[in-house]
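Read off the chains here:
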Amino acid sequence: MTALYLQSNSCTMELRRDVFQAIADPTRRAIIALVAMHAMTPGAIAENFDSSRQTISKHIQILTECELLKQEQNGREIHYHLNAVKLKEIADFVEPYRKRWDERFNKLENIMKNYGPKK
Amino acid sequence: MKTKVHVEEGRQELLITRDFDLSVGLLFKAYEDPKIVEQWMDTKVVKLENKKHGSWQFITTDPMGNKHGFNGTIHEFIPNQKIIRTFEMENADFGPQLEFLEFEPLTDETSRLSMHVIYRSVKIRDQILKLPFRQGVNMAHNRLEEIVKQLT
C-alpha cells in the first residue's frame, strides 16, 4: 500500500504527462469506458479483453496511480470505479482555450455572413 | 464543436481547426481586411501589411482598460490559401510563435481554416494554454490549480 501511494504521488508530481499517457492508450481508454458504467473487479474487467490478466492488471494499476480509477474494498473483493472528477479535469484542460477561439470564430462567421452582397 | 484544438502532451505545438459556413473568399477577407479584423478580434489594428516581409501590429484594450500590444511579421501571404506569420505578445515572456494558417474551400459556401501554431518550448505552449484556463480555475477549483502549478 505504501509503495502504491508513493507511485501514485510520483504520477501527479511528475507533470501530468503521465495522466495523458494513461489516457492515450486504447486499452486503458476501453477500461475507463467499461468502469464508467459500473464498478468492476479486475477479473471482470480482464474478461473483456484478449490480453492476459497480468497485462490488464498493469493497465489498471497505471490508471489507479493517476487517480483515474478508485479502489473500493467490498469484503474480499476489490472493485474499481471511475474517478469522474479526475477525468473531467483532464478534459477541461484545453476547453477554455478552445472555447475562446470558438467564440472568436463564431463572431467572425456572423460578421462575414452579413458582409456585403453574397456572391 | 465547430472549433477543434488538437494538443499533444510534450509537444511545443498545437493545431486549431474550424469549419465555417462561409465561402473561402469571405473567410479569407476576415483575415485580410483590417476593419473586419478589428471587429472579430476585438482589437485596434495599427498596422497590417498583407505581403511577404510585411508586418502587423494590434493593440487590444481589455475590460479593465489595460492596453496589450501584439505584433509579428508576415512570411507568406497567398490570398484564399495561406498566411504564414509570427505572433508575439508584447510585455510577456513567451517570445514569438510561428503560425501557419491554411484556408481551404469545402463547398462553394463552406470552408475550413487550419491553424498550426509552434511555440519555442513545450513549457511556453502549456503556459499559453493555461492563460484563459487560470481565470476559470480561480472561480473555485483548487484541485485544478494544483495540477496547473505542476505543469510549470
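Residues numbered from 1 in each chain as written. Chains lettered and ligands numbered in written order. Predicted model: local features only at pLDDT ≥ 70, side-chain atom pairs only at ≥ 80, totals over all residues. Heavy atoms only, no water.

**Structural notes on the overall build of chain A**
Helices and strands together make up the secondary structure of chain A, namely seven helices and two strands. Tracing chain A from N to C terminus, the helices and strands come up as α-α-α-α-α-β-β-α-α. Within chain A, buried positions represent 39% of all 119 residues. Long-range pairs, those at least 24 residues apart, make up 53% of the contacts in chain A with a sequence separation of at least 6. (Helix = DSSP H or I, 4+ residues; strand = E, 2+ residues; numbered from the N terminus. Buried < 20%, exposed > 50% of the residue type's maximum accessible area, 1.4 Å probe, protein only. Contact = heavy atoms within 4.5 Å.)

**Concerning the pairing of strand β3 (residues 44-48) of chain B**
Residues and elements named next belong to chain B. One ladder, built from four bridges, connects β3 with strand β4 (residues 55-61); its direction is antiparallel. Residue pairing for β4: Leu48 is matched across the bridge by Trp56. A loop of six residues connects β3 with β4, the two strands running antiparallel in sequence, and His53 in this loop sits at a positive phi of about 70°. (Pairing = 2+ DSSP bridges.)

**A word on the packing of helix α7 (residues 95-113) of chain A against helix α2 (residues 34-41) of chain B**
In contact at an axis separation of 8 Å, α7 of chain A and α2 of chain B are set at 135° when each is read in the N-to-C sense. With respect to each other, α7 of chain A and α2 of chain B are oriented oblique. In this structure, the crossing between α7 of chain A and α2 of chain B has a hand that is right-handed. Contacts from Arg104, Phe105, Lys107, Leu108, Ile111 and Met112 of chain A in α7 of chain A reach Ile36, Gln39, Trp40 and Met41 of chain B in α2 of chain B. (Axes fitted to C-alpha atoms, helices over the stretch in contact; angles between N-to-C directions. Parallel < 35°, antiparallel > 145°, perpendicular 65-115°, else oblique. Left-handed = near helix turned anticlockwise from the far one by under 90°.)

**Brief notes about helix α3 (residues 26-37) of chain A**
All names here are of chain A. Taking 1.5 Å of rise per residue, twelve residues should cover 16 Å, and α3 covers 17 Å from first to last C-alpha, within 8% of that figure. By the burial criterion, the buried members of α3 are Arg28, Ile31, Ile32, Leu34 and Val35. All buried residues of α3 project into a common sector of 165° when viewed along the axis, lining one side. Facing away from the buried side of α3, by more than 90 degrees, are the exposed residues Pro26 and Met37. (Expected span 1.5 Å × (residues − 1). Arc of directions from axis to C-beta.)

**Quick notes on the sheet that holds strand β7 (residues 97-105) of chain B**
The eight strands lie next to each other as β1-β2-β8-β7-β6-β5-β4-β3 (chain B), forming an open sheet whose pairing is antiparallel. Since the sheet does not close on itself, it has two edges, and those belong to β1 (3-7) and β3 of chain B, each with one partner. Within the sheet, the average angular offset between the axes of one strand and its neighbour, ignoring direction, is 20°. As paired elements, β4 of chain B and strand β5 (residues 67-78) of chain B share seven bridges and run antiparallel to each other. In the sheet register, Ser55 of chain B faces β5 of chain B, and the bridge partner there is Thr73 of chain B. Sheet strands touched by α7 of chain A: β1, β2 (13-20) and β8 (111-118) of chain B. Its angle to β2 of chain B, the strand with the most contacts, is close to 35°. Sheet strands touched by helix α1 (residues 24-32) of chain B: β2, β3, β5, β6 (82-89), β7 and β8 of chain B. Its angle to β7 of chain B, the strand with the most contacts, is close to 150°.

**Quick look at the layout of surface pockets**
Empty space within the largest pocket amounts to approximately 1300 Å³. Every element with two or more residues in the lining of the largest pocket is listed here: α7 of chain A together with α2, β4, β5, β6, β7, β8 and α3 (122-139) of chain B. Taken together, the residues of the lining of the largest pocket break down into 22 nonpolar, nine polar and ten charged. (1 Å grid on protein atoms, 1.4 Å probe; cavity = no way out; pocket = protein on both sides within 12 Å on 5 of 7 lines; lining within 4 Å. Points joined across faces, edges and corners; volume = space filled by probe spheres on them. Nonpolar A, V, L, I, M, F, W, Y, C, P; charged D, E, K, R; others polar.)

**Considerations on the packing of aromatic side chains**
For any pair of aromatic rings, the description rests on two quantities: the centre-to-centre distance and the angle between the ring planes. Residues and elements named next belong to chain B. Evaluation of the coordinates by the stated rule reveals ten aromatic pairs over all chains. On the numbers, 5.3 Å between centres and 75° between planes, the contact of Tyr31 with Phe103 is edge-to-face. Of the two residues, Tyr31 is situated in helix α1 and Phe103 in strand β7; the sequence distance between them amounts to 72 residues. A single burial state applies to Tyr31 and to Phe103, both of which are buried. Taking the centre distance of 5.6 Å and the plane angle of 40° together, the rings of Phe70 and Phe87 count as tilted. Linking Phe70 in strand β5 with Phe87 in strand β6, this pair joins segments that are 17 residues apart in sequence. (Phe/Tyr/Trp six-rings, centres within 6.5 Å; stacked < 30°, edge-to-face > 60°.)

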